[in-house]
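Examination of the molecular architecture
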Amino acid sequence: NAGVTQTPKFQVLKTGQSMTLQCAQDMNHEYMSWYRQDPGMGLRLIHYSVGAGITDQGEVPNGYNVSRSTTEDFPLRLLSAAPSQTSVYFCASSYSNAVSSGNTIYFGEGSWLTVV
Amino acid sequence: ELKVEQNPLFLSMQEGKNYTIYCNYSTTSDRLYWYRQDPGKSLESLFVLLSNGAVKQEGRLMASLDTKARLSTLHITAAVHDLSATYFCAVDINTDKLIFGTGTRLQVFP
């Protein structure tokens, strides 16, 4: 059981390049999401998914695309990288949102992205 | 727009002392999370608070939730150096969508 796995851990991009951050979980979680963390700030939600084939926007979706073709994978695509997207990206997953579940949301180790 | 405010933002405290971190949020929610983050690391789940009046304790940390006041607290008892980290509260607004506070950077010194 590897938990939430993100790749790559570090990446440097040039402005205008595109790339995909990978996220995979092996816990059969329905819910997956992507957050970004900027220096001195909390995490902000980019996109999330409640199950395969279903995605929706979070607080800061502009410049990012997602898809959820399988339960396990939730890639985040940067379409045309900008310096403002320099950040640390975290993927997260959890079971259903039943209030009584008290479920934990599991985070990946993070992907450090620099856009120059 | 939901806002989640933590205070203090920075906390330097001596070992053995007690202190409380506050988390205020601006809309209705019945679920609140506390996380710990060490420098350069991911987030570690500390507590999930599911209802008004919920109180959970783990070691030197105790978290509580008052949904009517829209306030959660994280109380540190007899701090030790190993507790030095950044602590985040996060409010669950729907379907495990979390809105995070800005974090409280805690430093415990001898």
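The numbers attached to residues start from 1 for each chain and follow its sequence in the written order. A letter from A marks each chain and a number from 1 marks each ligand, given out in the order of writing. Reporting of local features is limited, given that this is a predicted model, to residues whose pLDDT is at least 70; pairs of side-chain atoms are given and counted only at 80 or more, and all residues count toward the totals for whole chains, interfaces and linings. Excluded from the side-chain calculations are hydrogens and water; all other atoms, namely the structure's heavy atoms, are used.

Moving on, we come to the sheet that holds strand E3 (residues 19-25) of chain A. All names here are of chain A. Each pair of strands is called paired provided DSSP finds at least two bridges between the two strands. Elements are defined by DSSP. Helices are runs of H or I of four residues or more, strands are runs of E of two residues or more, and each kind is numbered from the N terminus. Across the sheet, 4 strands lie side by side as E1-E3-E8-E7; this open sheet has antiparallel pairing. Both edges of this open sheet fall to strand E1 (4-7) and strand E7 (64-66), since each of them pairs with a single strand only. Adjacent strand axes in the sheet meet at a mean angle of 20 degrees when their direction is disregarded. When E3 meets strand E8 (residues 76-78), the two strands line up antiparallel, connected through 3 bridges. Its bridge partner lying in E8, Met19 is registered against Leu78. Where helices are involved, their axes are fitted lines through C-alpha atoms of the stretch in contact, as for all axes, and angles between N-to-C directions lie from 0 to 180°.

Another aspect to go through is the sheet that holds strand E6 (residues 55-58) of chain B. Residue and element names in this part refer to chain B. What the 5 strands build is an open sheet, ordered E1-E3-E8-E7-E6; its pairing is antiparallel. Sheet topology places strand E1 (4-7) and E6 at the edges, where each strand pairs with a single neighbour. Going across the sheet, the axis of each strand differs from the next one's by a mean of 15 degrees, ignoring polarity. Where E1 lies against strand E3 (residues 19-25), 4 bridges are found, and the strand directions are antiparallel. Bridged to Glu5 within E3 is Asn24.

Throughout this description, the term salt bridge denotes a Lys or Arg side-chain nitrogen within 4 Å of a carboxyl oxygen of Asp or Glu. Scanning the entire structure with this criterion turns up 4 salt bridges over all chains. Between Arg44(A) and Asp38(A) there is a salt bridge, with its nearest N and O atoms 2.6 Å apart. Relative accessible area serves as the criterion here: at 25%, Arg44(A) is assigned to the partly exposed category. For Asp38(B), the salt bridge is made with Arg36(B), and the minimal N-O distance between the two is 3.0 Å. Classification of Arg36(B) by relative accessible area gives buried; the value is 14%. Relative accessibility thresholds used throughout: buried, under 20% of the residue-type maximum; exposed, over 50%; partly exposed, between the two (1.4 Å probe, protein chains only).

Positionally, Tyr35(A) belongs in strand E4 (residues 31-37). On a C-alpha basis, the gap between Tyr35(A) and Phe90(A) in space is 5.1 Å, while along the polypeptide they are 55 residues apart. Polar contact is the term for a pair of N or O atoms within 3.5 Å; when the atoms are in protein, one must be able to donate a hydrogen and the other to accept it, and sequence-neighboring residues count only if both atoms are side-chain atoms. Of note is the side chain of Tyr35(A), whose polar atom sits 3.1 Å from the backbone nitrogen of Leu98(B).

All right, on to the state of the cysteines then. Two cysteine sulfurs form what is called a disulfide whenever their separation falls within 2.5 Å. Counted according to the given criterion, the structure contains 2 disulfides over all chains. Linked covalently through their sulfurs, Cys23(A) and Cys91(A) form a disulfide whose S-S length is 1.9 Å. Here the disulfide of Cys23(A) and Cys91(A) is left-handed, its torsion about the S-S bond being about -75 degrees. Linking Cys23(A) in strand E3 with Cys91(A) in strand E9 (residues 87-94), this pair joins segments that are 68 residues apart in sequence. Relative accessible area serves as the criterion here: at 0%, Cys91(A) is assigned to the buried category. Put simply, Cys23(B) and Cys89(B) are joined by a disulfide, and their sulfur atoms are 2.0 Å apart. Taking the sign of the torsion about the S-S bond as the criterion, the disulfide between Cys23(B) and Cys89(B), at about 80 degrees, is right-handed.

Ring pairs are drawn from Phe, Tyr and Trp, using the six-membered ring of Trp, whenever the two centres fall within 6.5 Å, and their geometry is named by plane angle: stacked under 30 degrees, edge-to-face over 60, tilted for the rest. In the structure shown here, the tally under the stated rule is 9 aromatic pairs over all chains. Residues Phe107(A) and Phe100(B) carry aromatic rings whose centres are separated by 6.2 Å and whose planes lie at 75 degrees to one another, so their mutual orientation is edge-to-face. One end of the pair, Phe107(A), is in strand E10 (residues 106-107); the other, Phe100(B), is in strand E10 (residues 97-100), on a second chain. Feature note: the residues Tyr35(A), Phe107(A), Tyr33(B), Tyr35(B), Phe88(B) and Phe100(B) constitute an aromatic cluster, connected by ring pairs. Criterion for a charge above a ring: Arg CZ or Lys NZ at most 6 Å from the ring centre, at most 35 degrees from the ring normal. The lysine or arginine in question, Arg68(A), covers the ring of Phe74(A), its NZ or CZ lying 6.0 Å from the ring centre.

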